[in-house]
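This is what each chain is made of:
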Amino acid sequence: MRDVRRRIELYLDHHLFTLMILPAALTLLLIIAFPLLYSVWMSVHEFSMGATTTPRFLGAANYVKLLSDKRFLEAIPRTLYFTVLGVMAPVVIGTVAALGFSRIYPGRGLLRTIFTLPMMATPVSIALIWQMMFHPQLGVLNYLLSRVGIPPLKWVFASNSVIPTLAMVETWQWTPFVMLIVLGGLASLPEEPVEAARIDGASYWQLIRFVTLPLLWPYIMVAIVLRSIDALKSFDIIYVITQGGPGTASETINIFLYLQAFAFYNIGFASSVVIVFFLLIMLMSVVLLLVRRRTSWQ
Amino acid sequence: MAVKPRKLFDGVVFGIFLLLLLLPTLFFFFWMISLSLKPDADNLAFPPVFIPSELTAKSYRAVFESSPFARYALNSLIVAVGATSLALLLGVPAAYGIARSGRYGAALFILVARMTPALSYLIPWFLLFQRLGLSNTYFALILTHLIIGLPLIIWVMLGFFEDVHRELEDAAVIDGCSRFGSFLRVAVPLVRPGIVVAGILAFIFSWNNFIFAVVLAGPRLQTLPVAIFNVLTFEQINWGPLAAAALLVTTPVLILAVTVQRHIVAGLAAGGLKG
């Protein structure tokens, strides 16, 4: 009896690492890989909610339809517009903020904590408050603008300003994330180049421009990659504030996908959006990672 | 002495710079709190009221009276705690296994999970849960929230386990402990702070999540973010209670976030599934 137990123990010890990884790996397989593969299958079938007949094979018909769908084709440049704004502004402001927060002064920790609150706050809560602030007649933002002599803006209520406005909320929320990444970079920078430049008589701005920023570039690039992925698939803020409106003026790919799947129940069609969107994100990530490799210091 | 005015000037400029940096955040939260504490008349006044005629808890009372807010809070708590516990149970041993065996291929999953929009998973899950009669159950919500917590926990714990010296565990094995025993009795106690951090991060992202519950939860299982979103669509103009509800939902998360702020980047690099 003891012998059997010992043998089982030996067996378990021998394969322990595999056995420890297996449950998590199977779970991830079930909740990540299965849905993606199932989506591929659905995207080539005529598939709608509640249908009782066997789905009919369609081949690439959903994709053909998608690539000629005016709403989808308009959503692509709109998504990229939002993404470019939602990456550039946080990266620039976040980098500047990191330089500010890397100095040493009393109360720094507290200020930094306050600065990082937006990115951890519940997105739906944030979106609701912003929406009240955007109100054209009663909103506090137009009032503040009027105090400095700027005529009221339409914010999310006009099709030409809705995307920049949403990108502003995105920037407000995610600049701290960039700041923290760059701040981490600043903390791990070697001190010698800065010291050497300082001894050579470089001014503060020259130090930043020619020494610190080039050394920080790999970290900034990481921030750009993560921010791009997140901005591209941004959902909560846009959906809660505008639901894609006015009209379709803020309907990004992700909102289009949501509406196709859960408002119109075009499951097969929506699945083809999933696949195209997935490929788009992968493509963008690969491109950014290649750029990163080329520009990285090592 | 000649340096002093120059230094003072620098200090003032830097102070203004910091103020500008923090102003959007400070003003936003000030306004959120202000909306929740002002009487309705003040909230709908133009120009907006900065110094309220009175402070009132009426909006907070309205939140609890007009909606089953406590019920929604309970839903959020059950889903977030359930998903986080399950993710810890699966993720901590897996992270240990990966760190000790060097099978970093598993990290590929984490990368894919990080990049894929949550909606891509939702359609198949939605169909599957319907077919299995599991739609509108806590189980379905907890299972889907695993996709937020599990990759995040594995990722964060990998870092912590890599810092544990193997010699300590080897010593325990030589003393007659089984390998699994050395994991439980040596490695886990050493990374306990990491488990707390990973758990809190997973809880925060699960609590904040909107998209899974908006699709998968029926009226009775709505989590807080979904519930306050629905309040908005039905009572467009009641700003006070809405702001109060928004604040109630996000305050616990903000408090937790402050306790783990050092590790937020690691969490967001692996998780932070936004949609």
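Fair warning: this is a prediction, and the values are worked out from it, not measured in the lab.

Here we take up the overall build of chain B. Each helix and strand counted, chain B has 14 helices and zero strands in total. Element order for chain B, N to C, with α for helix and β for strand: α-α-α-α-α-α-α-α-α-α-α-α-α-α. The globule rule puts the C-alpha radius of gyration for 275 residues at 19 Å, and the 24 Å found for chain B is more than 25% above it. Along the first, second and third principal axes, the C-alpha atoms of chain B reach 75 × 75 × 30 Å. For chain B, buried positions account for 48% of its 275 residues. Partitioning the contacts of chain B with sequence separation of at least 6, the portion at a separation of at least 24 is 80%.

Okay, the overall build of chain A next. Along the backbone of chain A there are 13 helices and two strands. For 298 residues, the compact-globule estimate of 2.2 N^0.38 gives 19 Å, and chain A exceeds it by more than 25% at 25 Å. Expressed along its principal axes, the backbone C-alpha trace of chain A runs to roughly 75 × 70 × 40 Å. Counting across all 298 residues of chain A, residues that qualify as buried make up 43%. Long-range pairs, those at least 24 residues apart, make up 71% of the contacts in chain A between residues at least 6 apart in sequence.

The next thing to look at is unusual backbone geometry. Glycine aside, residues mostly have negative phi, and peptide bonds are mostly found in the trans state. In this structure, the amide linkage connecting Gly245 of chain A to the following residue, Pro246 of chain A, adopts the cis form with an omega of -5 degrees. With respect to the helices, strands and loops of the structure, Pro246 of chain A is situated in the loop between helix H11 (236–241) and helix H12 (253–262). Here Gln243 of chain A, not a glycine, exhibits a phi torsion of approximately 50 degrees, which is positive. Inspection of the secondary structure puts Gln243 of chain A in the loop between H11 and H12. With phi around 65 degrees, Asn136 of chain B is a residue other than glycine that occupies positive phi space. On the secondary structure map, Asn136 of chain B appears in the loop between helix H6 (118–131) and helix H7 (138–162).

Taken together, the 72 residues of chain B in the interface contact 69 residues of chain A. Take the side of chain B that touches chain A: its biggest share by element is 11 residues, from helix H1 (residues 3–37) of chain B. The residue makeup of the side of chain B that touches chain A, split by class, is 57 nonpolar, 11 polar and four charged.

Turning next to the domain arrangement of chain B. Residues and elements named next belong to chain B. Partitioning chain B into structural domains gives domain 1 (3–56) and domain 2 (59–270). If you average the C-alpha positions of domain 1 and of domain 2, the two centres end up 33 Å apart. Tallying the contact residues gives seven residues for domain 1 and seven residues for domain 2. Counting residues per element, the ones that place at least two in the side of domain 1 that touches domain 2 are H1 and helix H2 (40–43). Considering every element that reaches the side of domain 1 that touches domain 2, the biggest residue donor is H1, with four residues. When the residues that make up the side of domain 1 that touches domain 2 are grouped by side-chain class, the tally is three nonpolar, two polar and two charged.

Residue and element names in this part refer to chain B. For the pair helix H8 (residues 166–174) and helix H9 (residues 179–190), the least separation of the axes is 9 Å and the interaxial angle reads 125 degrees. With respect to each other, H8 and H9 are oriented oblique. In terms of crossing hand, the pair formed by H8 and H9 is right-handed. Two secondary-structure elements touch here, H8 through Leu168, Glu169, Ala172 and Val173 and H9 through Arg179, Ser182, Arg185, Val186 and Ala187. Looking at the contact of H8 with H9, its residues break down into five nonpolar, one polar and three charged.

Geometry of a packed helix pair, given as the angle between the helix axes and the separation of the axes. One can describe the packing of helix H2 (residues 16–43) of chain A onto helix H4 (residues 69–101) of chain B by two numbers: an axis separation of 7 Å at closest approach and a directional angle of 130 degrees. In terms of orientation, H2 of chain A and H4 of chain B fall into the oblique class. Considering the relative orientation of H2 of chain A and H4 of chain B, their crossing is left-handed. Residue-level inspection shows Phe17, Met20, Ile21, Pro23, Ala24, Ala25 and Thr27 of chain A of H2 of chain A in contact with H4 of chain B, the latter providing Leu90, Gly91, Pro93, Ala94, Tyr96, Gly97, Ile98, Arg100 and Ser101 of chain B. Split into classes, the residues belonging to the contact of H2 of chain A with H4 of chain B amount to 11 nonpolar, four polar and one charged.

It is worth spelling out the environment of Phe101 of chain A at this point. Residue and element names in this part refer to chain A. Turning to its location among the elements, Phe101 is positioned in helix H4 (residues 70–102). You can call Phe101 buried: it has 23 C-beta atoms within 10 Å. Sequence-wise, Phe101 and Met221 are 120 residues apart; in three dimensions their C-alpha atoms are separated by 19 Å. In this structure, Phe101 is in contact with Arg108, Arg112, Met179 and Leu183, ignoring residues within four places of it in sequence.

Once that is clear, we can look at helix H5 (residues 108–120) of chain A. Over its 13 residues, H5 of chain A runs 19 Å from end to end, which matches the ideal 18 Å to within 8%, given 1.5 Å per residue. The complete set of buried residues in H5 of chain A reads Arg112, Phe115, Thr116, Leu117, Pro118, Met119 and Met120 of chain A.

All names here are of chain A. Here the domain parsing of chain A yields domain 1 (2–43) and domain 2 (70–295). Listed as interface residues are four residues of domain 1 and, on the opposing side, six residues of domain 2. Along the lines of polarity and charge, the residues of the side of domain 1 that touches domain 2 split into two nonpolar, two polar and no charged.

This part is about the environment of Val182 of chain A. All names here are of chain A. For Val182, the location among the structural elements is in helix H8 (residues 162–187). Each C-alpha atom of the pair Val182 and Met88 lies 14 Å from the other, and the pair is 94 residues apart in sequence. With residues up to four places along the chain from it excluded, the contact list for Val182 reads Gly94, Thr95, Ala98, Leu216, Tyr219, Ile220 and Ala223.

Per-residue pLDDT for chain B has a mean of 87; in total, 92% of the residues score no lower than 70. Scored by ipTM, the complex comes to 0.90, with pTM at 0.91.

Turning our attention to the environment of Phe27 of chain B. Inspection of the secondary structure puts Phe27 of chain B in helix H1. Judged by the 15 C-beta atoms lying within 10 Å of it, Phe27 of chain B falls in the partly exposed class.

Conventions we followed
Residue positions are given per chain, counting from 1 as you read along its sequence in written order. Starting at A for chains and at 1 for ligands, labels are handed out in the order in which the entities are written. Whole-chain, interface and lining totals are the exception, using all residues; otherwise, since this is a predicted model, local features are given only for residues with pLDDT of at least 70 and side-chain atom pairs are given and counted only at 80 or more. Helix and strand labels come from DSSP, where a helix needs a run of H or I of at least four residues and a strand needs a run of E of at least two; each type is numbered from the N terminus. Radius of gyration here is computed from C-alpha atoms only, and the compact-globule reference equals 2.2 Å multiplied by the residue count raised to the power 0.38. Residues with at least 20 other C-beta atoms within 10 Å of their own are called buried, those with 12 or fewer are called exposed, and the rest are partly exposed. The C-beta atoms themselves are positioned from the backbone. Note on contacts: residues are paired as contacts if their backbone-placed C-beta atoms lie within 7 Å. Residues are sorted three ways: Asp, Glu, Lys and Arg are charged, Ala, Val, Leu, Ile, Met, Phe, Trp, Tyr, Cys and Pro are nonpolar, and all the rest, Gly among them, are polar. Throughout, the edges of the domains are those of an automatic or database domain assignment. Lines fitted to the C-alpha atoms define the axes, with helices restricted to the stretch that makes contact. Angles between their N-to-C directions range from 0 to 180 degrees. When an angle is under 35 degrees it counts as roughly parallel; over 145 it counts as roughly antiparallel; between 65 and 115 it counts as roughly perpendicular; any other value is oblique. Left-handed describes a crossing in which the near helix is turned anticlockwise from the far one by less than a right angle; the clockwise case is right-handed. Helices are assigned an expected span. That span is 1.5 Å times one less than the residue count. Values of pLDDT, ranging from 0 to 100, describe the predictor's confidence in every residue of the model.

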